[in-house]
Amino acid sequence: MIKSRPQTFPKNFVWGFAAAAPQIEGAAFTDGKGESIWDRMARTPGKVHNGDTLDVACEHYTRYAEDFKLMRSLGAKHYRLSLAWPRIYPNGDGAVNQKGLDFYHRLFDSMDKHGLTPWVTMFHWDLPQSLETRFGGWRDRRTADAFATYADTIVKTYGDRVKNWITLNEILCFTRLGYGGHDKAPGLSCSEQVVNQTYHTALLCHGHGVRAVREYGGKGARVGLTDNCSVSVPLSETAADIAAARAQFIHDNARVLDPIYTGSYGAAYRKLVGKHAAKFEKRDFDLIGLPTDFLGLNIYTGTFVRAGKGGKPEQLSFPAAYPTADAPWLKHVPQSLYWGPRHVAEIYGVKAIHITENGAGYNDASPVKGEVNDLHRLNLVRGNLGELRRTINDGVPVKGFFLWSFMDNFEWQDGYERRFGVVYCDFKTQKRTPKFSAKWYQEVMKANALV
Ligand code: PNW
């Protein structure tokens, strides 16, 4: 008999689920919540698949207790969620909405009751529409001033019960993909200089988030950014291709990770943006470069890089037959979970990394006899976790993994068709059905090992 060796993860490894307020809460205009740029976008014809809105979503606003019960029954002890800025400041700044603050008190009470530790993202794309209308949203630093007040408020209000803070989710997605002619809200096509300016406003907000946690977070508070860095994977794990992938990584991530970890716009940034650089004030970097406690990485995919002539990095395109999820950008590249963490540890000296999202988007079929067979998702995540374990075993400091997502939800421009949950959500009846992947992930968390 051959006995398999347990493929264990480190002691105290953080296992959990991830989700975000606008994608699950619904109640888009309840209890004084203000309109977000996504509420507006969803009402703009042709912008969101099927004309789907965020109005109802998973009704998590009223069903959170049963959701936490299910989450806990699956064995999770950690949950990454976001707070809705327009619930707390309906106009982004000005008067605070007490009913919004009260909702998250109830939510944290319930999490506490179910033994779930919160990891709170301050901002997950739902910018108050009023800031877009009055200031031009991320194009203008008055949005960072408003964020500073919002961050102070939430850290002061919840700091005694929330110890893990994430400032922003995926700067690229709400800056370039919102203002640079792509498919995220507010759906604008601005100049390259303006796009770089939106990044700069976001970096300022990140800095304010860190500052707020240092000032008001209390004992044991930790803070970091969640970034969806572009992950370059060496075509072969040879010295030349590894060096090329590393050079590509530095180049591709010079708008976000470089300024945060070096405290300036350095050579990599200037080379990347050329004459379209953001305007900034020197003191901005006192905020942007504030030390953080961990880095969150959302990694779903990567690109292959090889060493070309003279070692020059060459990014390879994906052939049509390359295995891909129903989300067309989600190419199956399990090694991205190895190389993403390794690059940030080697290049920026990051000492603690959390995978704050990983998962797979498919147009799953509805339950049959109470079961959802999603072997495609299960096997993809399993392959990813194998590579994550390999990077940990090589000495890369990965401390946690949050599966995206707990249940199917509003998948931005793809509406409700594209499902990322391990729990199936029937959006007509709001019935939740754990898929095969949920039951498998339950065993992984229980064993603290790949099973
Ligand atoms: C993330 N890409 O978005 C977000 O944080 C989630 O809110 C979202 O639901 C999830 O991943 C699935 O899409 C991404 O094009 C969107 O590479 C696009 C990309 C990556 C992440």
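The rules behind each value
Residues numbered from 1 in each chain as written. Predicted model: local features only at pLDDT ≥ 70, side-chain atom pairs only at ≥ 80, totals over all residues. Heavy atoms only, no water. Helix = DSSP H or I, 4+ residues; strand = E, 2+ residues; numbered from the N terminus. Rg over C-alpha atoms; globule rule 2.2 N^0.38 Å. Areas by Shrake-Rupley, 256 points an atom, 1.4 Å probe, with all protein chains shown as cover. Expected span 1.5 Å × (residues − 1). Buried < 20%, exposed > 50% of the residue type's maximum accessible area, 1.4 Å probe, protein only. Contact = heavy atoms within 4.5 Å. Pairing = 2+ DSSP bridges. Axes fitted to C-alpha atoms, helices over the stretch in contact; angles between N-to-C directions. Near = heavy atom within 4 Å. Polar contact = N/O pair within 3.5 Å; in protein donor to acceptor, adjacent residues only side chain to side chain. 1 Å grid on protein atoms, 1.4 Å probe; cavity = no way out; pocket = protein on both sides within 12 Å on 5 of 7 lines; lining within 4 Å. Sits in = over half its atoms within 2 Å of the grid points. Nonpolar A, V, L, I, M, F, W, Y, C, P; charged D, E, K, R; others polar. Points joined across faces, edges and corners; volume = space filled by probe spheres on them. Salt bridge = Lys/Arg side-chain N within 4 Å of Asp/Glu carboxyl O. Phe/Tyr/Trp six-rings, centres within 6.5 Å; stacked < 30°, edge-to-face > 60°. Lys NZ or Arg CZ within 6 Å of the ring centre and 35° of its normal.

This part takes up the overall build of the protein chain. When its secondary structure is counted, the protein chain shows 17 helices and 15 strands. Here the C-alpha atoms of the protein chain give a radius of gyration of 21 Å, agreeing with the 22 Å that 2.2 N^0.38 yields for 451 residues. Only carbon and sulfur atoms are counted for the fraction: they give 52% of the accessible area of the protein chain, which is about 17,800 Å².

Taking 1.5 Å of rise per residue, the 16 residues of helix α5 (residues 98-113) would be expected to cover 22 Å, and the 23 Å separating its terminal C-alpha atoms lies within 8% of that figure. The complete set of buried residues in α5 reads G100, L101, F103, Y104, L107, F108, S110 and M111. Contacts made by the buried residues of α5 are with α1 (21-24), α3 (60-73), β3 (78-82), α4 (85-88), β4 (117-123) and α7 (142-158). A positive backbone phi angle near 70 degrees is found at G115, which sits one or two residues after α5.

Spatial ordering of the closed barrel is given by β2-β3-β4-β5-β6-β8-β11-β12, a layout of 8 strands whose pairing is parallel. The sheet shows a mean angle of 25 degrees between the axes of neighbouring strands, taken without regard to direction. Examined bridge by bridge, strand β5 (residues 164-169) and strand β6 (residues 222-227) share 4 bridges and lie parallel to one another. Across the sheet, N164 pairs through a bridge with R222, a residue of β6.

In spatial order, the strands read β7-β9-β10; together these 3 strands make up an open sheet with mixed pairing. A single partner strand is all that each edge strand has here, and the edge strands are β7 (232-234) and β10 (313-315). Averaged over all adjacent pairs, the angle separating strand axes in this sheet is 40 degrees, with direction ignored. Pairing between strand β9 (residues 303-307) and β10: 3 bridges, direction antiparallel. In the sheet register, R306 faces β10, and the bridge partner there is E314. Running over the sheet, helix α11 (residues 239-252) touches β7, β9 and β10 and is turned about 125 degrees from β9.

Now for the site of the ligand. Taken together, 13 residues sit near the ligand, with Q23, H124, N169, E357 and E411 positioned nearest. For the ligand, an oxygen atom lies 2.9 Å from a polar atom in the side chain of N169. A distance of 2.9 Å separates an oxygen atom of the ligand from a polar side-chain atom of W412. Here the ligand has 450 Å² of accessible area as a free molecule, and 88% of this is covered by the chains. A molecule is said to occupy a pocket when more than half its atoms come within 2 Å of that pocket's grid points, and by this definition the ligand occupies the largest pocket. Broken down by class, the residue content of the shell around the ligand amounts to 6 nonpolar, 4 polar and 3 charged.

For the coordinates displayed, the defined rule picks out 2 cavities of 30 Å³ or more. The space that makes up the largest cavity amounts to roughly 80 Å³. The wall of the largest cavity is formed by A21, P22, E25, G26, A28, K33, S36, D39, L54, A84, R87 and D126. Taken together, the residues of the lining of the largest cavity sort by class into 5 nonpolar, 2 polar and 5 charged. Forming the boundary of the second largest cavity are A20, A21, I24, E25, H60, Y79, L81, S82 and L107. Within the residue set of the lining of the second largest cavity, elements represented by two or more residues are α1 and β3. Ranked by the residues each element gives to the lining of the second largest cavity, the list is headed by β3, at 3 residues.

Now for the side chain of Q197. By secondary structure assignment, the location of Q197 is in helix α10 (residues 192-216). A residue is classified by how much of its surface remains accessible, and Q197, at 15% relative accessible area, is buried. Every residue in contact with Q197, bar those within four places of it in the chain, is listed here: W138, R139, A278 and K279.

Summed over the entire model, instances satisfying the criterion amount to 32 salt bridges. For K33, the salt bridge goes to D39, with nearest N and O atoms at 2.8 Å. Taken as a pair, K33 and D39 share a single burial class, namely buried. One salt bridge connects R142 with D140, and the closest N-O pair in it is separated by 3.0 Å.

Here we come to helix α15 (residues 336-348). Over its 13 residues, α15 runs 17 Å from end to end, which matches the ideal 18 Å to within 8%, given 1.5 Å per residue. Of all 13 residues that make up α15, 11 are buried, and the element is covered over most of its length. Looking at α15, one finds that the buried residues are S336, L337, Y338, W339, G340, P341, R342, H343, V344, A345 and Y348. Trailing α15 by a residue or two, G349 shows a phi angle of about 65 degrees, which is positive.

Throughout the structure, instances matching the rule amount to 42 aromatic pairs. Ring plane angle 85 degrees and centroid distance 5.9 Å describe the contact between W85 and F123, whose orientation is recorded as edge-to-face. Of the two residues, W85 sits in helix α4 while F123 sits in strand β4, which places them 38 residues apart along the sequence. On the basis of relative accessibility, which here comes to 0%, the residue F123 falls in the buried class. An aromatic cluster is defined as three or more aromatic residues linked by ring pairs; in this entry it consists of F9, F13, W15, F17, F401, F406, W440 and Y441. A cation over a ring is seen here: R134 above F135, with NZ or CZ 4.8 Å from the ring centre. K156 extends its terminal NZ or CZ atom over the ring of Y216, reaching a point 4.6 Å from the ring centre.

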